[in-house]
Amino acid sequence: MNMALPAINLYAVMPQIFLVSAATVVLIIGLFERFRKGIPYLSLLLLAVSGVFAVNQLGQGPVAFSDTSPMMVMDDFGLVATLVFIAGAMLTVLISVSYAEARSIDRGEYYALLIYAVSGMSMMAASTDLFSFFLGLEVLSISLYVLIGFEQREAGSNEGALKYFLLGAFASGFILYGMALLYGASGSTEYDVIARTLAGERSDAVNLLLLGGLGLLLVGIGFKISMVPFHAWTPDVYQGAPTPVAAFLSTGSKAAAFVVLIRLLGSVFPGLQMEWVPLISVLAILTIAVGNVVALVQTNLKRLLAYSSIAHAGYMLLPFMSNSQDGSASIVFYLIVYTAMNLGAFGVLAVLAARGASCATLDDLAGLGSRQPLLAAVMAVVMFSLAGIPPTAGFMAKFYLFSAVVTGGYIELAVIGLLFSGVSLYYYLRVVLWMYMRPATEAPAGATGRLSFSGMTALCLSALAILAVGVFPSELLQLAERAVMTLP
Amino acid sequence: MELYFFLFFAVVAVASSVAMILQRNPIYCVLLLIMVMISIAGLYLMLDAQFVAIIQVVVYAGAIMVLFLFVIMLLNLSREEGGAFRIQKPLAVLLTVLLFLPVAAMVMSYAGGGTTPSADGGQTGFGEVEQIGSLLFTKYLLPVEIAAVLLLIAIVGAVVLTRKGTVSVDD
């Protein structure tokens with residue numbers, strides 16, 4: 001038979017090709033025992049190379065993979081998202097070095113899976129078709145299931161992996177059902193075609209299918225961003241996972257899901273806005289409330305950060321209501337800042353854990369200010385930023401986010417969000433208080449002495465970035481605005 | 001005639017899935033699940049999707065279910081442990097009923113003359129290996145490539161997670 005091969009444009013999927021190849025190279029080199037020490041640095045190099053190429057592609061306009069079935073598109077939005085993921089992964093690699101050695105999980109597969117996860121996130125961000133979105137999501141999820149369970153000898157790591165796997169598979173099922181309904185309504189999996197079906201005349205039956213599909217998609221994506229009521233896994237999984245993996249999980253995978261949500265809600269489902277705005281506003285407020293209130297009583301640091309990340313997901317849901325470019329730009333800006341902040345917070349715990357110091361609870365941080373001044377300073381900057389105190393990036397991010405919500409006309413949502421954000425001051429500042437005001441009862445093992453160089457580099461970089469963006473936010477904001485400009 | 005076939009497969013599928021849920025012996029559950037798979041394969045046949053029907057039998061009813069059986073027999077699960085989920089049971093019934101109502105409403109609205117989005121039925125060669133193959137190499141080229149990456153990750157993950165401890169290989 002005659003089969004016309006479609007005209008494809010590999011340039012459009014370059015970032016993804018680079019990342020997948022990088023991961024595969026790391027995987028193969030990692031098999032040789034003699035290169036073991038070099039693997040993290042090789043991963044850093046390859047990630048950096050992929051990043052440089054992605055930067056070069058910025059501004060080259062939307063290019064689709066193929067005209068007949070686009071599947072993926074290379075535009076500024078996807079590229080900026082990919083750059084954020086790559087930066088997050090590079091910081092994760094840096095804080096992993098000493099942690100992985102201390103826990104003897106420093107194998108090539110660890111870093112390879114990390115980069116595979118980044119490629120999956122990048123696929124999600126570039127997708128313009130439900131097919132490639134789902135496959136990207138699975139590439140990300142399966143890598144994460146394995147990474148969470150990487151510390152095989154730790155019961156917590158196994159428990160976290162199993163929990164995330166079972167619930168994640170369930171969430172994927174919801175997403176697939178949603179996609180099936182959307183396909184049934186529009187006869188295609190392409191975002192554009194679904195959007196056109198929504199824009200045209202539609203019967204009640206098709207409307208029901210579209211609503212059902214959107215609802216099921218929101219359940220699945222809500223699980224990934226730990227939106228209440230699909231958040232129950234978050235604290236257990238973060239607590240059990242290896243600390244750098246928890247850092248990656250709380251930033252990268254969440255950011256990827258948000259990026260997809262911006263594409264879906266912004267350019268596919270504006271036609272159903274009347275229906276999803278009330279739903280998401282209630283869920284966003286619930287997410288903010290549950291995250292902030294439950295975080296108040298946490299003494300375990302990873303659980304505290306888990307609830308704080310739930311609350312942050314809630315803030316980031318608010319600008320969706322106004323569905324404007326400003327709103328989307330403020331979400332992208334928040335995501336970038338949030339990645340730096342959360343990687344910093346988990347990074348401090350990872351660097352401490354690599355020294356063999358226990359850093360499970362608040363009490364373990366007592367006296368950190370005198371034992372490890374630099375580390376404590378980084379932690380303080382990160383906590384101030386998470387709480388949203390100027391002159392940190394966290395303040396700027398919250399400022400743009402809430403002003404976009406207010407401009408959109410949802411003043412009451414902004415007020416509720418800000419009130420709960422005030423509540424969050426208590427538990428963030430408590431960490432700072434414990435570090436500087438409480439003397440350590442007894443010096444824990446490995447509490448003093450030199451910390452891992454690469455880990456400290458990553459932490460100082462993110463702390464500096466937080467301060468720099470807090471003072472000069474305009475460059476980053478312009479990048480975020482440019483990213484959402486390319487969205488239809 | 002077609003209606004009778006449809007009814008036959010549909011009734012067998014629904015009845016075996018209900019029986020599967022009510023059954024306490026895991027081995028019977030798996031066997032009933034195979035029944036469900038095979039009757040769904042029959043439904044695919046009626047939709048002219050021969051290839052999908054065969055795959056359904058070979059992959060699901062064949063390979064995956066055998067794997068299920070192996071796991072159950074290896075784990076020596078004889079009977080479900082009773083006593084758990086005391087509170088959850090009535091709650092589950094309530095929630096299921098609540099969920100069922102909108103779905104039922106949806107189905108009813110179809111009976112009232114909604115549109116049925118149809119696949120390209122009736123077209124020559126629909127559902128044959130040839131057409132599916134050419135779709136995989138044209139329209140779905142990129143997803144097939146990503147699926148390859150996905151399988152690689154799954155294999156690596158399985159090896160990583162099942163390797164006992166951290167055996168050092170330097171000698």
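For clarity, every value in this text was computed on a predicted model and none was experimentally measured.

This part takes up the nonpolar core. Counting 196 residues, the largest nonpolar core has A:F133 and A:F269 as its most contacted members. For this core, the element with the most residues is helix α13 (residues 325-354) of chain A, which contributes 18 residues. Those residues in contact with A:F269 that lie beyond four places of it in its chain are A:L182, A:L198, A:L214, A:L217, A:L264 and A:W276. B:V30, B:V36, B:M37 and B:A61 belong to the second largest nonpolar core, which has 9 residues in total.

This part covers the pattern of salt bridges. All names here are of chain A. Overall, the coordinates contain 10 salt bridges over all chains when judged by the stated rule. The salt bridge involving R263 is made with D75; its shortest N-O contact spans 3.2 Å. Placement of R263 in helix α10 (residues 243-268) and of D75 in the loop between β2 (73-74) and α3 (76-102) is noted, with a sequence separation of 188 residues between them. With respect to class, R263 is no different from D75; both count as buried. For D76, the salt bridge is made with R482, and the minimal N-O distance between the two is 3.5 Å. You can see D76 sitting in helix α3 and its partner R482 sitting in helix α19 (residues 474-485), a full 406 residues away along the chain. A single salt-bridge network, built from bridges that share partners, covers E159, K163, D236 and R303.

Glancing now at the domain arrangement of chain B. Along its sequence, chain B is organised into domain 1 (1-80) and domain 2 (128-163). Between domain 1 of chain B and domain 2 of chain B, the C-alpha centre-to-centre distance is 25 Å.

A separate point is the interface of chain B and chain A. With 32 residues of chain B in contact, the opposing surface of chain A contributes 40 residues. Here chain B and chain A share an interface that buries about 3,200 Å² over both sides, 77% of which is from carbon and sulfur atoms. If you sort the residues of chain B by the area they bury against chain A, B:L142, B:I146 and B:I153 come out on top, with a joint share of 17%. In this structure, the connection of chain B to chain A is made through 3 residue pairs in polar contact (both at pLDDT 80 or more). Among the elements of the structure, α4 (88-111), α5 (129-137) and α6 (141-162) of chain B are those that each provide at least two residues to the side of chain B that touches chain A. Partitioning the side of chain B that touches chain A into residue classes produces 19 nonpolar, 9 polar and 4 charged.

This part is about empty space enclosed by the protein. All names here are of chain A. Enumeration over the complete set of coordinates arrives at 5 cavities of 30 Å³ or more. Forming the boundary of the largest cavity are F77, V80, A81, V84, F85, A255, V259, V332, L335, I336 and A483. When residues of the lining of the largest cavity are traced back to their parent elements, those giving at least two are α3, α10 and α13. Residue contributions to the lining of the largest cavity peak at 5 residues, all from α3. Considering only enclosed or pocket space, the second largest cavity measures out at about 40 Å³ in volume. In terms of lining residues, the second largest cavity is bounded by A12, P15, Q16, V73, M74, D75, G78, L79, T82, S122 and A126. Looking at the lining of the second largest cavity, the elements with two or more residues in it are α1 (14-29), β2, α3 and α4 (108-126). In terms of residues, the lining of the second largest cavity owes the most to one element, α3, which gives 3 residues. Tallied by class, the residues present in the lining of the second largest cavity amount to 6 nonpolar, 4 polar and 1 charged.

Let's shift gears to α10(A). All names here are of chain A. Taking 1.5 Å per residue, 26 residues should reach 38 Å; α10 reaches 36 Å between its end C-alpha atoms and fits that length. Of all the bends in α10, the largest measures some 30° and sits at L249. Burial within α10 is extensive, with 24 of its 26 residues counted as buried.

A few words on unusual backbone geometry. The amide bond that connects A:V228 to the next residue, A:P229, takes the cis arrangement and shows omega of 5°. Considering the arrangement of structural elements, one finds A:P229 in the loop between α8 (204-224) and α9 (233-240). Looking along the chain, the bond that leaves A:P390 and enters A:P391 is cis, with omega of 5°. Structurally, A:P391 is set in the loop between α15 (373-387) and α16 (393-407). A positive phi is found at A:S104, a non-glycine position, where the angle reads about 45°. Relative to the helices and strands, A:S104 resides in the loop between α3 and α4. A residue is classified by how much of its surface remains accessible, and A:S104, at 25% relative accessible area, is partly exposed. With phi around 70°, B:D48 is a residue other than glycine that occupies positive phi space. Note that B:D48 resides in the loop between α2 (26-46) and α3 (50-75). A relative accessible area of 39% means that B:D48 is categorised as partly exposed.

Rules of the game
Residues numbered from 1 in each chain as written. Chains lettered and ligands numbered in written order. Predicted model: local features only at pLDDT ≥ 70, side-chain atom pairs only at ≥ 80, totals over all residues. Heavy atoms only, no water. Core = buried A, V, L, I, M, F, W, Y, C linked by side-chain atoms within 4.5 Å. Buried < 20%, exposed > 50% of the residue type's maximum accessible area, 1.4 Å probe, protein only. Helix = DSSP H or I, 4+ residues; strand = E, 2+ residues; numbered from the N terminus. Contact = heavy atoms within 4.5 Å. Salt bridge = Lys/Arg side-chain N within 4 Å of Asp/Glu carboxyl O. Domains from an automatic or database assignment. Buried area = accessible area lost by both parts, 1.4 Å probe. Polar contact = N/O pair within 3.5 Å; in protein donor to acceptor, adjacent residues only side chain to side chain. Nonpolar A, V, L, I, M, F, W, Y, C, P; charged D, E, K, R; others polar. 1 Å grid on protein atoms, 1.4 Å probe; cavity = no way out; pocket = protein on both sides within 12 Å on 5 of 7 lines; lining within 4 Å. Points joined across faces, edges and corners; volume = space filled by probe spheres on them. Expected span 1.5 Å × (residues − 1). Bend = angle between axes of the 7 residues up to and from the residue.

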